[in-house]
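Structural description and commentary
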Amino acid sequence: MGSILLVVHLMTAIFLVAIILMQRSGGGALNGLGGGSGANSFLSARGTGNLLTRLTAILATIFFVTSISLCLYYRGAERKPTSVVQSAPVSQNVPDVPTIPLGK
């Protein structure tokens, strides 16, 4: 289950980046946040009818849902931390160092 969810999440992220990069740069993307004429055009049929905008919203929703699902799925998984230090043997055999005579 976790692997399938992870693959869906990664594919959604890749498609989301591709769709965002395909959109036209309008320059006034945050124009509708302050109210006024920008807010009226945002709610019109012309503003919401754009296929790329709808697809971006759908993919973003799927991305957030899979992110939360992965978080909840792996939170419940009980995994014991493994360490190299914990699995190392307690006693080690140290080889004898050969002595070299000095001065002869």
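All of the points below concern the structure found in this document. (Residues numbered from 1 in each chain as written. Predicted model: local features only at pLDDT ≥ 70, side-chain atom pairs only at ≥ 80, totals over all residues. Heavy atoms only, no water.)

Let's shift gears to the overall build of the protein. Within the protein one finds five helices and zero strands. Counted from the first residue to the last, the protein has its helices and strands arranged as α-α-α-α-α. A buried classification covers 11% of the 104 residues belonging to the protein. Residue pairs in contact within the protein that sit at least 24 positions apart in sequence constitute 84% of those at least 6 positions apart. (Helix = DSSP H or I, 4+ residues; strand = E, 2+ residues; numbered from the N terminus. Buried < 20%, exposed > 50% of the residue type's maximum accessible area, 1.4 Å probe, protein only. Contact = heavy atoms within 4.5 Å.)

Take the packing of helix 1 (residues 2–22) against helix 4 (residues 51–75) next. Two elements in contact, helix 1 and helix 4, have axes whose closest approach is 9 Å; the angle formed by their N-to-C orientations is 150°. It follows that helix 1 is roughly antiparallel to helix 4 by the angle criterion. Both helix 1 and helix 4 take part in a crossing whose hand is left-handed. Class assignment of the residues belonging to the contact of helix 1 with helix 4 gives a composition of 18 nonpolar, eight polar and no charged. (Axes fitted to C-alpha atoms, helices over the stretch in contact; angles between N-to-C directions. Parallel < 35°, antiparallel > 145°, perpendicular 65-115°, else oblique. Left-handed = near helix turned anticlockwise from the far one by under 90°. Nonpolar A, V, L, I, M, F, W, Y, C, P; charged D, E, K, R; others polar.)

Moving on to the packing of aromatic side chains. In total, this model carries two aromatic pairs according to the counting rule given. Taking the centre distance of 6.1 Å and the plane angle of 70° together, the rings of F63 and F64 count as edge-to-face. On the basis of relative accessible area, F63 is assigned to the partly exposed category, the value being 24%. (Phe/Tyr/Trp six-rings, centres within 6.5 Å; stacked < 30°, edge-to-face > 60°.)

With respect to the helices, strands and loops of the structure, S67 is situated in helix 4. For the pair formed by S67 and L10, sequence separation is 57 residues and the distance between their alpha carbons is 9.9 Å. Within polar-contact distance, the side chain of S67 engages the backbone oxygen of F63 at 2.8 Å. (Polar contact = N/O pair within 3.5 Å; in protein donor to acceptor, adjacent residues only side chain to side chain.)

It is worth spelling out helix 1 at this point. Look at helix 1: 30 Å from first C-alpha to last across 21 residues, which is about the 30 Å you get at 1.5 Å a residue. For helix 1, the complete set of buried residues consists of G2, L5, H9, T12, L16 and I19. The buried side chains of helix 1 occupy one side of the element, clustering within an arc of 115° when seen end-on. Relative to its buried face, helix 1 has exposed residues pointing more than 90 degrees away, namely S3, I4, V7, I14, L21 and M22. Contact partners of the buried residues in helix 1: helix 4. (Expected span 1.5 Å × (residues − 1). Arc of directions from axis to C-beta.)

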